Amino acid sequence: MFIDTHCHIFKDDFDNIPDLINEIKAAGVSKIIVNGYDMKSNKEVLELINKYDIVYGAIGFHPTDLDDVDEDCFLWLEEHIND
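To start, this report covers the structure provided alongside it. Because the structure is a prediction, the values reported are computed rather than measured. All residue numbers refer to positions counted from 1 along the written sequence of the respective chain. Local features in a predicted model are, by the rule used here, given only for residues with pLDDT of at least 70; side-chain atom pairs are given and counted only at 80 or more, and totals for whole chains, interfaces and linings are based on all residues. The basis for every side-chain value is the complete set of non-hydrogen atoms in the structure, without hydrogens or water.

Notes on the pairing of strand β1 (residues 2–7)
Item 1. By the convention used here, strands pair only if DSSP detects at least 2 bridges between them. Only DSSP runs of H or I reaching four residues or more are called helices, and only runs of E reaching two or more are called strands; each is numbered from the N terminus. Sheet topology note: the β1/strand β2 (residues 29–35) ladder contains four bridges and is parallel. Paired with Asp4 across the bridge in β2 is Ile32.
Item 2. Read from β1 through helix α1 (residues 17–26) to β2, the crossover connection turns out right-handed. Orient the strands so they point away from the viewer, and a crossover whose first-strand-to-second-strand path over the helix runs clockwise is right-handed.

Topic: the pattern of salt bridges
Opposite charge on two side chains lets them pair, provided their charged atoms get close.
Item 1. A pair is scored as a salt bridge if a Lys or Arg side-chain nitrogen falls within 4 Å of a carboxyl oxygen belonging to Asp or Glu. Evaluation of the coordinates by the stated rule reveals three salt bridges.
Item 2. Measuring nitrogen to oxygen at the nearest pair gives 3.2 Å for the salt bridge that ties Glu47 to Lys11. Placement of the pair is Glu47 in helix α2 (residues 39–51) and Lys11 in the loop between β1 and α1, with a sequence separation of 36 residues.
Item 3. Given the relative accessible area of 43%, Glu47 is considered partly exposed.
Item 4. Judged by its relative accessible area of 51%, Lys11 is exposed.
Item 5. As a salt-bridge pair, Asp12 and Lys40 come within 2.6 Å of each other at their nearest N and O atoms. In this pair, Asp12 is assigned in the loop between β1 and α1 and Lys40 in helix α2, connecting sequence segments 28 residues apart.
Item 6. When its relative accessible area of 51% is taken as the criterion, Lys40 is described as exposed. Here's how the labels work: a residue is buried when its accessible area is under 20% of the maximum for its type, exposed when over 50%, partly exposed in between, all with a 1.4 Å probe on protein chains only.

Next comes the structure, spelled out in structure tokens:
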């Protein structure tokens, strides 16, 4: 069993995520942890974990993106941290 503990599988980077997930499974990877780093990617992480059984997520904010983070972002994060 292989686990990818840190990846970024997002629509902006991959044309066909369902095919990519199938390729990952075929390679013997049983779990992947997709990591969000800003509001857009965090929301996409939540979509992915609800759609694919092998996808787990980690959401948060990368330090280089903190200029775009406000109190509402942290409230959203707190609301969704256990999703």
